[in-house]
Every structure is written in structure tokens, then in C-alpha cells.
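# Examination of the molecular architecture
As a plain string of letters, each chain reads:
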Amino acid sequence: MVNIKKYGKEGRVVARISLIFLFLATLLTGPSFAFNLSLTNKSSEKNNKKIITFKPDEEMTKGLSLFYNGKSDLSYKLLDKVDRKFNWGKEKENAFSKFFKSVVTTVANEKVLPYQPWMFEMINVNTFKAIDCLVKQDFKKSRVEFNRALVRELEAENEFKKEIEKKQKELEKEKEKAKKNKDQIDQNLKRSYSYLIKKYYSNIDKFQAYSGFLNPFTEYISAIFFYSSGDYQKATDLFKKCFGIIKGKEPAASIVARDFKDSFQRMSSTSSSPTKKVWIIFLNGQIAQKKELRVDLPLFILTKKVVYTGLAIPQIGNGKITYPYVTYTFGKKHGKTKRIVDMDILEKAEFKKRLPSILMKAITRAVVLTLAQSKTGKGGKLLIGGYQFLMNRADTRQWKNLPKEVQVASLKVTSKSKLIISIPGGEKKEFEVSSDKNTIIFVSAPTKGKVSFYKVEI
Amino acid sequence: MKKRLLLVLAVIPFVSCTSNKVVYVNPSTPKTQPASLSLEYQDFKAAATALVNDLLNSPALNAPNGKKYVVAISRIINDTTQDIDTDQLLRDVRIALLKSGKAIITTYIQAGGPEDPMTGEIRKLRSNEEINQSTLPGKHQIIAPDLSLSGKIIQKVYYIGDKKRVDYYFILTLTDVKTGLSVWEGEKVISKASGSNNYTW
């Protein structure tokens, strides 16, 4: 047991700060930890109970990996767990939990809390759940999941609209405050923030979303489903929306335009046996990975009594595609798939929105802990300095194996024909395409040598 | 310091109260307070009651000479974000139709296959020498439907400031299967609102 009295007044200050922090961390992380336990897998073996904490980032990665390996049932179950937990967490959130989360992530680290999936990841959770259901031929459930994915997009729009409005108000308040308040700490925080943006995120302005937080792939695959189910009104609206998002930005815009035209014409047609179509959906490569960057913060509040200072911030690299495209032969038609979405764009656009909050927390943490060091004696400096070193980590958790991009092709089926899909420099696969059903062929290639094909008839 | 800390701790229970209470938006909705944004038993009950009353009050089921129409149940599409058993909507409608004396439901001819396959199964026994053939139903006995009941449950979500509103549209259509014409259509809307952090699934 440490005798803090021998460290005198400084020791008592450190002890009080530590106790308050531990109290806050327990209050906040206690319920989260308890919830993690309630969603754990427990072995029922006697005297050998094994509890695994639920980690959404790992579950999403495992879930998609199972889809790539042809296990849509298990893939659906894992992604469903993430889906339910996310909703549960949001519903339980209140001002108190938000406040303490903010305190814990500022004084400690985001990594002490369970990973909170980003909005673009949650949209993909429901999109891939829907695709799992398509592969399992459970079309009723597919419809439900596609609807959920579309509602998630609305939610993302609303979420960031609220944040932008909040930030605008805070910015106005700060401007007023800055005129009256010449507080040195405040000014230095802002200067540190500007320095980091200029030095490490100079290209941040290039991170532009397609349109709000819409994922054109979600729009497109939902439209294909609704078209194939005979819901031409909804399909037409979604094809039109998708086209609007990627027009002038992605090469698949012309493909989507044709699908929109076909769907629109179908709406007014009285034919009971419309021309069927076949689509190729190519899930290509791996999304950009987050990485940690440790930087030296040029603090303007200098103290000579500091053992350690620094901060760690996340950066996003670039994703990698596995193949440039896949080619097809369908009767006399030949062609190749074209890109409809670059998932890196979705990730970076959301990162750009979150960056101010991430950086301010990292800077504040560095300043608060460095100041705390300067106010304590030798023992306190070592304790806080060591704690700061351990806590100085960027949160690089993410859904690791989302595809870097999705490419598509769309063909009309006039008679029963053979569709041959070829991977550049490698595999070929043949499919019999029926003329009385709509067909979707999923081709996934997360890495070279790991290509899988799934055929769905609706 | 101690007094300030105690004051903060005393305020916490009030600060932590959530503002995610769910309420009905339109006036002609179930009287019971909703527990969630998703569809509940009372919502199905209210929708079925409104729709079947509208149907029975319309002339669609007034057949000449006191005849009873034979109604087949077609597809009820669930176009929401919830896993719904659409039978929940239909159950009350079917019971009310049968009680009205204006319609009979066929359980053999139905979208997705017979509800009760026994009608078809029993006829397969015609080739079974063990069965007393005179006790089996004769040929040309099954009655084809006159009308088909189909529908859809649609959900629309709106974000208005800090609130979320969800509108559920219950739509039923009665079609004359001989002509393909719709003889009745009904719609019931149930709207719920809550804080934006409530989900329908």
C-alpha cells in the first residue's frame, strides 16, 4: 500500500485526481463492461467457464470473412449482434453517459471503451446482412435489412447535421469568448490544433463525401432487390438516387442510368413477363487501414518539470484493390465491371467530420496530464508521466476487411444463356442464367487467390 | 470542494433521465401508451379494426341474392425495418369477415401455398386401396375464390430536429380475381414519435 502522506501536498493532489478519475471511469465503464458480459459467449462447461468480451470491430471483420468463405448464416448472426448492440447502446445513451465518456476519453483513451462503429460501417452492416439473406434466399428478411440500411443513411445524415450545428454554435461562442478572454491555455490549445491540422492533415479538404453520408452501393443493391421483387416504384427512386450520387464521379454512372431507365419503363408497362436482368457485383480489395502516428506537441505552455509529453493521433492510409476489374462474356456481349463506390471515400469523409473532436481530445489529454506533472513532486511526475505514456494511443480500431471498392455490371437476359466471368490472369467461372428470373452474381476478392462466387436468383 | 462534489452527485440522477419517451402522433390511435417505436400488438389491433370496419361498411362484400363471397388471402408484404409476422394483421380481419356472414375464407388456395394442406393431402388417398373410397371427397369439389385480399405494411422515417417520427401505413386491397379489378382499398396510418436515439429494431 503506498503511503501518500510522505509525498506531502503534491502527493495528496495526485491521489485526489486519481481517485476522482477512477470513480468516473468505474461509473462509465462499469455499465459498458456489464453489457459486454451480457452479450458474451459463455461456455457451459463446469469449472471451465470462458467469457469472451464482445468487440464490434472484430465481429464485423469476422462476419464479412464468413461471407467471403460462403458461410452466410454465421455471417448474418455476427453482424446481427453488432447491429443490436449498436442500437441498444444508442438507446441507453443520455447526457450523463455522454459527459463521462467525454471525460474518460479525454483523461484516458478511447480504447478503454468498447469500439463504437462509425456510421458508414453501420450502413454496411445492414447492407451485408441483406446480402447474406439474399444468398440464403430469405427474401423477406432481405427486404427488412435493405430498409434498415436505408434508414441508417438517414440517421447518419441527421447525426452529422446535429454535430455540424452544434460545432457552429460552439465556434460562435468561442469567438465571443476569445474577444473577452485572453486565457493562455485556451489560445495554446487552438494553436496546437491548427499546427497539427497543417502538418499532418493538409489534404483533409480532399476528403469529400459523395453526397452527405450516402453509400451508392447500398442504394444500388437495394434498387436491384426491389426491381427483382416487382417493386418498380421504389427501385426507380433508388436507381435515380444512386445515379444522382455518382454522376460525374464514378464510371458505373452509365450502368445505373440504364437500370433507372429500364425500371422507369417497367413501371408503366403492363407486361406480366418483363425482361429479366443479370447483375455482377464485384467486391474488390480491402479498405484503407487506420494507423497510429505519435507526434511531439509543440506546447507553448512550457514547464521544466515534465517527465514525458506527447500525443498519438490516427491517420488513414489508402485501400488496395485486388484486381482492376472482372470481365464477362454473355452470349455475344463482352465487357468488364465498373466502379460504383470507393469505400475509402466514405471512410475518409466520416474521418474528416470526427477529426476535430479526436484531435482536441488528444491535445487536451496531453496538456492536462503534462500540467499535472508540472504541479507534482518527483513521485507524482513519474506516476503521471508513466500513465501518460501508457495512455498515449490512437484508436485504430475499425472494420478491417470491408472491400476497397465495389464494381458492377448489368445485362438484359433475352434467353437462357451462359455467363462467363473471368478474373484477370486467373480463374473463370460459368453460370447458367435463366430467362424467367432476375440473377445477381456476387464475386468477392478481398486478396489475391481468395476469390469466391455466389449466384442468387430472385 | 466537498460541497461542490456532493452537489454534482445529487444532480446526476436527474441529468441521467432519458428523453426517449414514445408517443402517438395522430389522434385516432390506440389509447394505450406505446412502449416502443416498433409495431406492437395494439397497433395491429387498431389497424385491423379500422380496415375491416371500412371494408364491411363498403358495398364491396354485398353480393346479390345473399351469396357469400369466397376470399383468398394473397401476399401481405412487410416493407418495414422490423421482422413482422403479417398474419398478425390478417388474423383480426379474417375473424371479422367470417363473423360478418358476408365472406368465407379459402384455406386451400392462397399465395405461398395452402394454409391447411389437408384439403390436398386427403385427395392423394384416392389411389390408396386401404381407404374407404366412398368416404373421400369427390372430384370438382374445391371452390375457387371470387376475391383476393392482398396488402402491404410500409414504414417511413423522418428526423425533425431532435425527434424521430415513424409513420406506418397499413394497406389492404380486395381484388375481383375474375376481372383483375380492385373492388375495395383501405389504408390506416399509425404514427409514433420519440427522441432520435430510439430505433424500430
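Residues numbered from 1 in each chain as written. Chains lettered and ligands numbered in written order. Predicted model: local features only at pLDDT ≥ 70, side-chain atom pairs only at ≥ 80, totals over all residues. Heavy atoms only, no water.

Now for the overall build of chain B. What chain B contains, in helices and strands, is 4 helices and 6 strands. Out of the 201 residues belonging to chain B, those deemed buried represent 43%. Taking the intrachain contacts of chain B between residues at least 6 apart in sequence as the baseline, contacts between residues at least 24 apart amount to 65%. (Helix = DSSP H or I, 4+ residues; strand = E, 2+ residues; numbered from the N terminus. Buried < 20%, exposed > 50% of the residue type's maximum accessible area, 1.4 Å probe, protein only. Contact = heavy atoms within 4.5 Å.)

Helix and strand counts for chain A stand at 12 helices and 13 strands. Within chain A, the proportion of its 458 residues that are buried is 51%. Looking at chain A alone, contacts between residues at least 24 apart form 76% of all its contacts between residues at least 6 apart. Carbon and sulfur atoms provide 55% of the accessible area of chain A, an area that totals close to 22,500 Å². (Areas by Shrake-Rupley, 256 points an atom, 1.4 Å probe, with all protein chains shown as cover.)

Taken together, the contact between chain A and chain B spans 27 residues of the former and 24 residues of the latter. For the pair chain A and chain B, the summed buried area comes to about 2,300 Å², and 52% of that belongs to carbon and sulfur atoms. Per-residue buried area on chain A facing chain B is highest for Glu91(A), Phe96(A) and Arg148(A); these three make up 22% of the total on that side. Taken together, the connections running from chain A to chain B amount to 5 salt bridges. Its salt-bridge partner being Arg148(A), residue Asp83(B) comes within 4.0 Å of it at the nearest N-O pair. Taken together, the connections running from chain A to chain B amount to 12 residue pairs in polar contact (both at pLDDT 80 or more). At the level of secondary structure, the elements contributing two or more residues to the side of chain A that touches chain B comprise helix 1 (8–38), helix 3 (72–92), helix 4 (95–107) and helix 6 (139–180) of chain A. In terms of residue count, helix 6 of chain A provides more of the side of chain A that touches chain B than any other element does, 11 residues in total. (Buried area = accessible area lost by both parts, 1.4 Å probe. Salt bridge = Lys/Arg side-chain N within 4 Å of Asp/Glu carboxyl O. Polar contact = N/O pair within 3.5 Å; in protein donor to acceptor, adjacent residues only side chain to side chain.)

This part takes up the pairing of strand 6 (residues 327–330) of chain A. Residues and elements named next belong to chain A. Taking every second residue as pointing to the same face, the buried face of strand 6 carries Tyr328 and Phe330, while none of Thr327 and Thr329 on the other face is buried. Linking two consecutive strands that pair antiparallel, namely strand 6 and strand 7 (residues 333–336), is a turn of 2 residues; a positive phi of about 65° is found at Gly331 within it. Of the pairings in the sheet, the one linking strand 6 to strand 10 (residues 417–422) comprises 4 bridges and is antiparallel in character. Residue pairing across strands places Phe330 opposite Leu419, the latter belonging to strand 10. (Pairing = 2+ DSSP bridges.)

Turning our eyes to something else, we now look at the nonpolar core. Formed by 120 residues in total, the largest nonpolar core has its most connected members in Phe217(A), Tyr220(A), Ile281(A), Ile340(A), Ile440(A) and Phe170(B). Ranked by residues supplied to this core, first place goes to helix 11 (residues 343–374) of chain A with 10 residues. When near neighbours in sequence (up to four residues on either side) are disregarded, Ile440(A) contacts Leu134(A), Ile221(A), Ile224(A), Trp279(A), Ile281(A), Tyr454(A), Lys455(A), Val456(A) and Ile458(A). (Core = buried A, V, L, I, M, F, W, Y, C linked by side-chain atoms within 4.5 Å.)

All names here are of chain A. Applying the stated rule across the entire model yields 18 aromatic pairs over all chains. Their ring planes at 50° and their centres at 6.1 Å tell us that Phe431 and Phe453 sit as a pair that is tilted. Placement of Phe431 in strand 11 (residues 428–433) and of Phe453 in strand 13 (residues 452–457) is noted, with a sequence separation of 22 residues between them. Grouped by ring-pair contacts, the aromatic residues Phe67, Tyr68, Phe128, Phe217, Trp399 and Tyr454 constitute a single cluster. (Phe/Tyr/Trp six-rings, centres within 6.5 Å; stacked < 30°, edge-to-face > 60°.)

The next thing to look at is the pairing of strand 6 (residues 181–195) of chain B. Looking along a regular strand, one sees side chains alternate from face to face of the sheet. Residue and element names in this part refer to chain B. The pairing of strand 1 (residues 23–24) with strand 6 spans 2 bridges and is classified as antiparallel. Paired with Val23 across the strands is Ala193, a residue of strand 6. Of the strand pairs in this sheet, strand 5 (residues 163–176) and strand 6 are connected by 14 bridges, and their pairing is antiparallel. Bridging from a neighbouring strand, Asp176 pairs with Leu181 of strand 6. In this structure, the hairpin formed by strand 5 and strand 6 is closed by a connection of 4 residues, where Gly180 is found at a positive phi of approximately 75°.

Moving on: helix 5 (residues 119–135) of chain A. Residue and element names in this part refer to chain A. Over its 17 residues, helix 5 runs 25 Å from end to end, which matches the ideal 24 Å to within 8%, given 1.5 Å per residue. Summarising burial for helix 5: 16 of the 17 residues are buried, a large majority. Gln137 occupies a position one or two residues after helix 5 and carries a positive phi of about 65°. (Expected span 1.5 Å × (residues − 1).)

Next up on the list: a positive patch on the surface. All names here are of chain A. Together, Arg258, Lys333, Lys336 and Lys338 line one region of the surface with positive charge. Tracing the chain through its elements places Arg258 in helix 10 (residues 253–267). Residue Arg258 is classed as partly exposed on the basis of its relative accessible area, which comes to 45%. (Patch = residues over 30% accessible without salt bridge, like charges linked within 9 Å, V, L, I, M, F, W, Y side chains within 5 Å. Lys, Arg positive; Asp, Glu negative; His and termini not counted. Charge placed at Lys NZ, Arg CZ, Asp CG, Glu CD.)

Further remarks concern the sheet that holds strand 4 (residues 147–160) of chain B. All names here are of chain B. If you trace the 6 strands from one edge of the open sheet to the other, you get 1-6-5-4-2-3, paired in mixed fashion. Each edge of the open sheet is held by one strand with a lone partner, namely strand 1 and strand 3 (103–106). When strand 4 meets strand 5, the two strands line up antiparallel, connected through 14 bridges. Across the sheet, residue Tyr158 finds its bridge partner in strand 5, namely Arg165. The strands that helix 3 (residues 87–100) touches are strand 2 (69–79), strand 3, strand 4 and strand 5; relative to strand 3, the one it contacts most, it runs at about 135°. (Axes fitted to C-alpha atoms, helices over the stretch in contact; angles between N-to-C directions.)

All right, on to the confidence of the model for chain B then. Residue and element names in this part refer to chain B. Across chain B, the average pLDDT comes to 88, with 89% of residues at 70 or higher. The secondary structure element of chain B with the lowest average pLDDT is helix 1 (residues 2–15), at 56, and the one with the highest is strand 5, at 96. Of the regions scoring below 50 in pLDDT, residues 13–18 engages in 6 contacts with residues more than four places distant in sequence or in other chains. As scored by the predictor, the complex reaches a pTM of 0.86 and an ipTM of 0.87. (pLDDT = per-residue confidence, 0-100.)

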